[in-house]
Amino acid sequence: MSDSENQLLKSPYGQVTFESMRRRNLALVDKSRMIETLESDVMTVYPVLLRPRRFGKSTFVQMLKCFYDISYKDQYDELFAGTDIYLKNLPSHNTYHVLVLDFSRVDPHNSSVMYSSFFSAVSFGIKDFKRRYPDFAFAYDEIDRSDAVTLLNNFVAAYGSYSASGRLYLMIDEYDNFANNILSQDLSLFKTITGNGGLVKAFYAAVKAAAADPGYIAKTFITGVSSVSLDSLTSGFNISLNVTTDKHLNEYAGFTETELQKIVPQLVDLPRIGMTADEVISRMKPVYDGFCFSRFAENPVYNSSMCLFYLIELQKAGEFLPPEKYTDPASDQDGLKLRQLFDLAEDGLAESVTDTYLSGDPFFLEKLSQNINLNKTDRYDEVQFLSMLFYMGYLTIDPRRSSSDGLFLKVPNIFMAKLFAQCTVDLRLKPSSQFMDYSIDVSSLLETADDLSGFASSCTEFLCSIFTSQVLTHMSEMALNLVLHAKLSTVRGIYAEIQKSIRVPGEGECYADLVITVNKGKSSECIYLVELKYAAKSRATSAFIEELKNEAVRQLTGYRTALEFRDRQIRSYAMVFAGSVCVYCGQCC
């Protein structure tokens, strides 16, 4: 074990309890500076702050609890010494009674289970409160176990008798977790709980009533993922304010590059893997980075959970690992959730959005939908759908193009781009008989031959069928890559990779269009490295085709030297398409 490894800290991956992280000396990204933003004169005392899944929202809530709760006053120095907020010496620290409710505990399995587990989630927060304040007397054994609204009302009344200060700080984590899960399973139940007279609206009406009286709730802090339940929250609790796109809170969750530069050496024995922190971060950047939640954002943020998972794997392996192959297992459901969003879109909207994705163009919105109400409609319109894609992290704000006239949204990184690609395959290609029934001639590949003319001709016939029949309507280099990769992935004996990340000496990280491996793992294994170029028919002059061919050859010359292909049998080919027709297929030696 090296000296540097002896000095490493434990990873906080999967941990949310701030006090435990501090006491166990886990590596920690300090977000305490955001407390000062929350206390600024222009900030509401009832903020709602949305971020995608696994971004560190719960850890932030736990930090607020430790900072504000009176019961932690004697531990303030231990927990906050060395943090940014400690230097500010704010007089508000440890001056509130904090009640934390975590609605990720709610089981959305069915109606009866949901109501009782919602009650349990509230009672769990109350039990934690009573643990911290043993002299707080409150019994609720006789309350109906499905009536969380009465439970909250009775708790607030008991608190009013307990404390004359009226400094109750209510923190609700994952306010929409159970409702989002119900939405994906049972639209009727979702409408019942979020509509007029429903549980969600009634609960937040009770919160508003308690906040209106100066003897009870003084402040709230609410986190969640999307605004699809926000209409019910704000209808009941209409003094709350969605501050998701506030420029000062852009970095409240997730990691900035500066924060990663600090935590990477704390978690990875860099000398052992032969890389610097900057080199590791530069490889993580295209896969995990790119999230901007305000058009005024100065720094994009990385998905923190994905970063931490990857750094754990990197340290365990003791050698470089390609980040795109090591994604947080908690993200396994992201593709399914994206597909579920598409299923709730208005007719034709899925096609429009996937066409825009394939064109590489941005998505435009005049403004985000703040409160999405599915009680008034069964389907997302375009503004609602794009807003949901933003809130859930599939799209992000492009600050360079956005302005007071509107927001431009883009796919933030490679991981999310691959989810869009898979959705396009599932929604547009796989339902098509033209895609499923056609067999591309891959005999030359399987025979590891040099002449791929038969393969090229077969690709032309296949692509013409796809685009002539309007299976896809937008032709582009990205569409070419996607369609060919999707089809080759269905062929036995072939392992196809799209936009494969490779390390080219002297150039750094590059992305190969198609990497096709045949006879994988056998002595006859052969890798076909294919660079695709596309020209619209209107631009497909001989000179332009030659230019594209030369560009592909230049790229392939470098790609062949990539570290990933060292000591491997490599054959590289440039394929140039004019529309759907392959007009050049040549080997690059």
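Residues numbered from 1 in each chain as written. Predicted model: local features only at pLDDT ≥ 70, side-chain atom pairs only at ≥ 80, totals over all residues. Heavy atoms only, no water.

(A) Structural view of a negative patch on the surface. Taken together, the side chains of Glu-346, Asp-347, Glu-351 and Glu-382 make up a negatively charged region of the molecular surface. Inspection of the secondary structure assignment puts Asp-347 in the loop between helix H16 (334-343) and helix H17 (349-359). (Patch = residues over 30% accessible without salt bridge, like charges linked within 9 Å, V, L, I, M, F, W, Y side chains within 5 Å. Areas by Shrake-Rupley, 256 points an atom, 1.4 Å probe, with all protein chains shown as cover. Salt bridge = Lys/Arg side-chain N within 4 Å of Asp/Glu carboxyl O. Lys, Arg positive; Asp, Glu negative; His and termini not counted. Charge placed at Lys NZ, Arg CZ, Asp CG, Glu CD. Helix = DSSP H or I, 4+ residues; strand = E, 2+ residues; numbered from the N terminus.)

(B) Main features of the packing of aromatic side chains. Using the criterion set out here, one finds 43 aromatic pairs in the structure. Above the ring of Phe-296, the side-chain terminus of Lys-247 is found at 5.4 Å from the ring centroid. Above the plane of the ring of Phe-408 lies Arg-401, whose end atom (NZ or CZ) is 4.9 Å from the centre. (Phe/Tyr/Trp six-rings, centres within 6.5 Å; stacked < 30°, edge-to-face > 60°. Lys NZ or Arg CZ within 6 Å of the ring centre and 35° of its normal.)

(C) Molecular detail of the sheet that holds strand E10 (residues 508-518). Strand order in the open sheet formed by five strands is E9-E10-E11-E12-E13, with mixed pairing between adjacent strands. With one partner strand each, in any of the chains shown, strand E9 (494-504) and strand E13 (581-588) form the two edges of the open sheet. Taken pair by pair, the neighbouring strands of this sheet meet at an average axis angle of 35°, ignoring direction. Bridge count between strand E11 (residues 526-535) and strand E12 (residues 570-578): nine bridges; the pairing is parallel. If you follow Val-530 over to E12, its bridge partner there is Tyr-573. Running at roughly 65° to E10, helix H14 (residues 277-288) makes contact with E9 and E10 of the sheet. (Pairing = 2+ DSSP bridges. Axes fitted to C-alpha atoms, helices over the stretch in contact; angles between N-to-C directions. Contact = heavy atoms within 4.5 Å.)

(D) Representation of the pairing of strand E4 (residues 217-224). With seven of eight residues buried, E4 lies mostly within the body of the structure. Where strand E1 (residues 47-50) meets E4, three bridges bridge the pair, whose relative direction is parallel. Bridging from a neighbouring strand, Leu-49 pairs with Thr-223 of E4. By the bridge criterion, five bridges tie strand E3 (residues 168-173) to E4 in an arrangement that is parallel. Counted as the bridge partner of Tyr-169 is Lys-219 from E4. (Buried < 20%, exposed > 50% of the residue type's maximum accessible area, 1.4 Å probe, protein only.)

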